[in-house]
Amino acid sequence: MATSESPKDVSFSQGIRMMFYAMKPNETSFPNLDEVPDYVKQATPFFISLMLLELVLGWILKGKLAVRVDDALTSISAGILSRLPMLFFRSIEFSTYIYVWEKYRLFNLPWDSPWTWHLTFLGVDLGYYWFHRMAHEVNIMWAAHQTHHSSEAYNLSTALRQSALQVYTSWIFYCPLALIIPPPVYAVHLQFNLLYQFWIHTEVIENLGPLELILNTPSHHRVHHGRNRYCIDKNFAGTLIIWDRIFGTFEAENEKVSYGLTHPINTFEPLKVQFHHMHYIWTTFWITPGLWNKLSVIFKGPGWSPGKPRLGLLEEIPEVTGKEVPYATHVSGSLQLYALVQFALMLGFYEDTFADKDALSQATLLLRSGYIILTLTSIGFLMEQRPQAAILETFRCSVFLMLYWLNYLKPFIPSWTHTFEPIFWSMDDHKSWNCNQGPCDPKLWCTCAPPPPWTVTQDCHLHPCIGETSGIWDGSGSWINFFWYDHYLAHHLLFHTHPQTHCLQRSLITGPQHWKLQFR
C-alpha cells in the first residue's frame, strides 16, 4: 500500500467518511496495490479525535468519564503489540491473497467498476463474519481473539485492543475472494471494514432506529462483548448485521451488558493479555488423555472438555448478577500521570520507528521493538503496583540511557531534541567533530557534523555528498533535525539551517522540520 509520503493522503472530509464506510467507489478505486493509501495509518488523528469526543460526551450525558487510565493504556498497548511484527514481515493477509490471485484466479473483474467495488464490500464483510465466528468457536483461534474481549470496559479505546496472533488465521477466510477480486480493491475494503468497527465500541450511542436492522451498531456490538449468557457467541458482524440475522447468531440488547471474558484475567500486563489463553491450551493439551481429545482441545470450542458438546455448555458460564466490579488497582494520580507521560513518549518513539523502518537495520528494529515491549510491560507492572515494578522501571530507564548513548535511539519527539541533546552529548565521544574534517563519503548523503552548539558556518557545503545545489548554512532560519543511519546505528545531529535551502530535496521528509538521511 501507499505510504504516508505518497500523494494518496486523504482529505479531512474523506477521513471522516472512511471511519463510517461512507467513501465512494470512484475515489477509492486503484489499478495497483502500491497506489492504495494506508487508510488505517491515516486514521490515527480521527481515532484520537473520536476518543476525546467520547470523553466529553460521556461526561455530559452520563456524568462520568468513559475511560479508565489503566484499562485504556492496556488496550492501546495491545494494539501496539499487534503491529510490531509489521516492522519485520510483510502482511500475511496481503501476501497470501496476492499469491492466490496470481496463481489461481478464475477471471479478472474490472478494478474500476462500481459493481466490483460493491461486490467486494459484501465479500469482505461476509468473510469477516465467518472468520469472527470461527474465532469464537475454535479454541486455537479464540486464543488470539480473546485479547480483544479481555477488557471489562467498553469504549473506543477497547477497539484498539487487538491481537498480535489473529492475523495468522484471518487470511484464510478472504482467500476465496482472490479468485475474482483484484488485490487493490480487496486492500481498500479490508481497511474500511476494520475502520468501521472502531466507532461502534461505545456506550455513548444507544440506539440508531431503523439502521439497527441492517448495520452493525454500538448496541449490537455491546451484546457481542458481553459475558452475560444471552450474549455468548452472538452478533459476529463487521459492518452488516444481516449476516447474523441470516445465519441465526443475532441477539438484540435487552438487559444491561457486563463486559469482558467469562473468567476475567485481572491483569494489565500486555504480554499476559495477549498470550494467557495460549498457555492455557498448552497445559490443557498435555493433561487431557487421548489423541482425539487432545486435538479437540485445539479445534473445538473454548468451553469444550471430554463429554461435552463442541461449544461446551452454556449453563456452565458464570451467571452475571449485576454486582460485578471491573478489575482495577488504586493507583495514585501522580503515578497515573507518570505512566501517561512515559506512554506518550513511547508512543512518539513507536510512530517514529514505523516512519523510519525502511532506513533502519534489522538489529536496530529489533532493539527498538524490545524497548517498546519493555516499556509497555513496565507500565503494566506500575498499574498493577507489583512489588517488582520499581526495579523493572529503573532497569527500563537504564536501558533507555544505554541505547541512546549507543545511538540506537533518538529523542521521541523531534521538537524536544534541543532539550535532550546537551545531556547525551556530554556522554558521547563526538565533541571534536568538524564540518570540514575529511572528504565526504560518496556512499552517504552527508558525513559532516557540527560541533556544539550545533550551528554550521557558511563554509560548510553539503553538495559533495548529495550532488545537488549546495545551499549555504547562514545561521538564519529554523532548527531542523537530521538523522542518518549506518548498518546498525541511528545518528542524530541538530542543524541551524536556512529554510529556503534545496540541498536536501532528495531525502525523505517524515514531518515538519524532521528529515532523514540514509544510505543510497
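As the structure is a computational prediction, the values presented were derived from the model and not from experiment. (Residues numbered from 1 in each chain as written. Predicted model: local features only at pLDDT ≥ 70, side-chain atom pairs only at ≥ 80, totals over all residues. Heavy atoms only, no water.)

The next thing to look at is the overall build of the protein chain. Within the protein chain, the secondary structure is distributed over 18 helices and four strands. Every one of the 520 residues in the protein chain was classed for burial, and the buried ones make up 50%. Residue pairs in contact within the protein chain that sit at least 24 positions apart in sequence constitute 71% of those at least 6 positions apart. Approximately 24600 Å² of the protein chain is accessible, and the part contributed by carbon and sulfur atoms is 65%. (Helix = DSSP H or I, 4+ residues; strand = E, 2+ residues; numbered from the N terminus. Buried < 20%, exposed > 50% of the residue type's maximum accessible area, 1.4 Å probe, protein only. Contact = heavy atoms within 4.5 Å. Areas by Shrake-Rupley, 256 points an atom, 1.4 Å probe, with all protein chains shown as cover.)

Moving on, we come to the nonpolar core. Of all hydrophobic cores here, the largest spans 51 residues; its most connected members are Met18, Tyr39, Tyr186, Phe192, Leu195 and Phe198. For this core, the secondary structure elements donating two or more residues are helix H3 (44–62), helix H5 (92–104), helix H6 (114–137) and helix H9 (183–199). Sequence-distant contacts of phenylalanine 192, defined by excluding residues within four places in its chain, comprise Met18, Tyr21, Met23, Thr28 and Tyr39. (Core = buried A, V, L, I, M, F, W, Y, C linked by side-chain atoms within 4.5 Å.)

We now examine the pattern of salt bridges. Opposite charge on two side chains lets them pair, provided their charged atoms get close. For the coordinates displayed, the defined rule picks out 12 salt bridges. A salt bridge links arginine 17 to glutamate 27; the nearest nitrogen and oxygen atoms lie 2.6 Å apart. With a gap of 10 residues between them, arginine 17 in helix H1 (residues 12–18) and glutamate 27 in the loop between H1 and helix H2 (39–42) connect regions that are remote in the sequence. Exposure remark for arginine 17: the relative accessible area of 22% places this residue in the partly exposed category. Overall, the relative accessible area of 22% leaves glutamate 27 in the partly exposed class. Where arginine 68 meets aspartate 70, a salt bridge forms, and the shortest distance between an N and an O atom there is 3.2 Å. Because the salt bridges share partners, they merge into one network encompassing Arg133, Glu137 and Arg310. (Salt bridge = Lys/Arg side-chain N within 4 Å of Asp/Glu carboxyl O.)

Here the focus is the confidence of the model for the protein chain. When pLDDT is averaged along the protein chain, the result is 81; 77% of the residues meet or exceed 70. A low-confidence stretch, residues 2–7 (pLDDT under 50), is modelled with 11 contacts involving residues beyond four sequence positions or located in other chains. Contacts of residues 413–520 to residues separated by more than four positions or lying in other chains number 217 contacts, the stretch itself having pLDDT below 50. (pLDDT = per-residue confidence, 0-100.)

Here the focus is helix H15 (residues 362–384). In this model H15 runs 33 Å from its N-terminal to its C-terminal C-alpha over 23 residues, within 8% of the 33 Å that 1.5 Å per residue would give. Within H15, 17 of the 23 residues are buried, leaving the element largely enclosed by the surrounding structure. (Expected span 1.5 Å × (residues − 1).)

This part takes up the UniProt feature "transmembrane region" (unreviewed entry) in the protein chain. In the UniProt entry, the feature "transmembrane region" (unreviewed entry) is given for residues 43–61. Across residues 43–61, the secondary structure splits into 95% helix and 0% strand, with the terminal C-alpha atoms separated by 26 Å. (UniProt positions renumbered as here; feature names shortened; annotations may be inferred.)

Glancing now at the side chain of glutamine 191. Turning to its location among the elements, glutamine 191 is positioned in helix H9. Looking at glutamine 191, its side chain comes within polar contact range of the main-chain nitrogen of tyrosine 39, at 2.7 Å. (Polar contact = N/O pair within 3.5 Å; in protein donor to acceptor, adjacent residues only side chain to side chain.)

Quick look at the packing of aromatic side chains now. Taken as a whole, this structure holds 26 aromatic pairs when the rule is applied. Considering the side-chain rings of tyrosine 21 and phenylalanine 192, the 5.6 Å spacing of their centres and the 70° angle between planes classify their relative orientation as edge-to-face. With tyrosine 21 in the loop between H1 and H2 and phenylalanine 192 in helix H9, the pair connects residues that are 171 residues apart, well separated along the chain. Phenylalanine 192 sits in the buried class, given a relative accessible area of 0%. Both rings, one in phenylalanine 285 and one in tryptophan 286, keep their centres 5.2 Å apart while their planes meet at 90°; by these two values the pair is edge-to-face. Tryptophan 286 gets classed as exposed once you look at its relative accessible area, which sits at 52%. Joined through ring pairs, the aromatic side chains of Tyr21, Tyr39, Trp117, Phe121 and Phe192 make up one cluster. Just above the ring of phenylalanine 250 sits the side chain of arginine 245; from NZ or CZ to the centre is 4.0 Å. (Phe/Tyr/Trp six-rings, centres within 6.5 Å; stacked < 30°, edge-to-face > 60°. Lys NZ or Arg CZ within 6 Å of the ring centre and 35° of its normal.)

It is worth spelling out H3 at this point. Here H3 contains 19 residues, and its C-alpha end-to-end distance of 26 Å stays within 8% of the 27 Å for a straight helix at 1.5 Å per residue. At its buried positions, H3 is contacted by H1, H2 and H9.

A separate point is the environment of tyrosine 99. Along the polypeptide, tyrosine 99 turns up in helix H5. Given a relative accessible area of 45%, tyrosine 99 falls into the partly exposed group. As a C-alpha pair, tyrosine 99 and alanine 178 span 79 residues in sequence and 8.6 Å in three-dimensional space.

As a further point, take the packing of helix H4 (residues 69–83) against H15. Axis separation between H4 and H15 bottoms out at 11 Å; the angle between their running directions is 160°. Taken together, H4 and H15 sit at an angle that is classed as roughly antiparallel. The handedness of the crossing between H4 and H15 is left-handed. Together, Asp70, Leu73, Ser77, Ile80 and Leu81 of H4 and Ile372, Ile373, Leu376, Ile379 and Met383 of H15 make up the contact between the two elements. (Axes fitted to C-alpha atoms, helices over the stretch in contact; angles between N-to-C directions. Parallel < 35°, antiparallel > 145°, perpendicular 65-115°, else oblique. Left-handed = near helix turned anticlockwise from the far one by under 90°.)

The next thing to look at is the side chain of serine 29. By secondary structure assignment, the location of serine 29 is in the loop between H1 and H2. Classification of serine 29 by relative accessible area gives buried; the value is 16%. Within polar-contact distance, the side chain of serine 29 engages the backbone oxygen of proline 25 at 2.6 Å. Look past the residues within four positions of serine 29 in its chain and what remains in contact with it is Trp111, Asp112 and Trp117.

Let us look at the environment of serine 77. Looking at the secondary structure, you find serine 77 in helix H4. Along the backbone, serine 77 and leucine 347 are 270 residues apart, and their C-alpha atoms lie at a distance of 9.4 Å. Ignoring sequence-local partners within four residues, the contact set of serine 77 consists of Pro270, Phe343 and Leu376. At 2.6 Å, the side chain of serine 77 and the backbone oxygen of leucine 73 are in polar contact.

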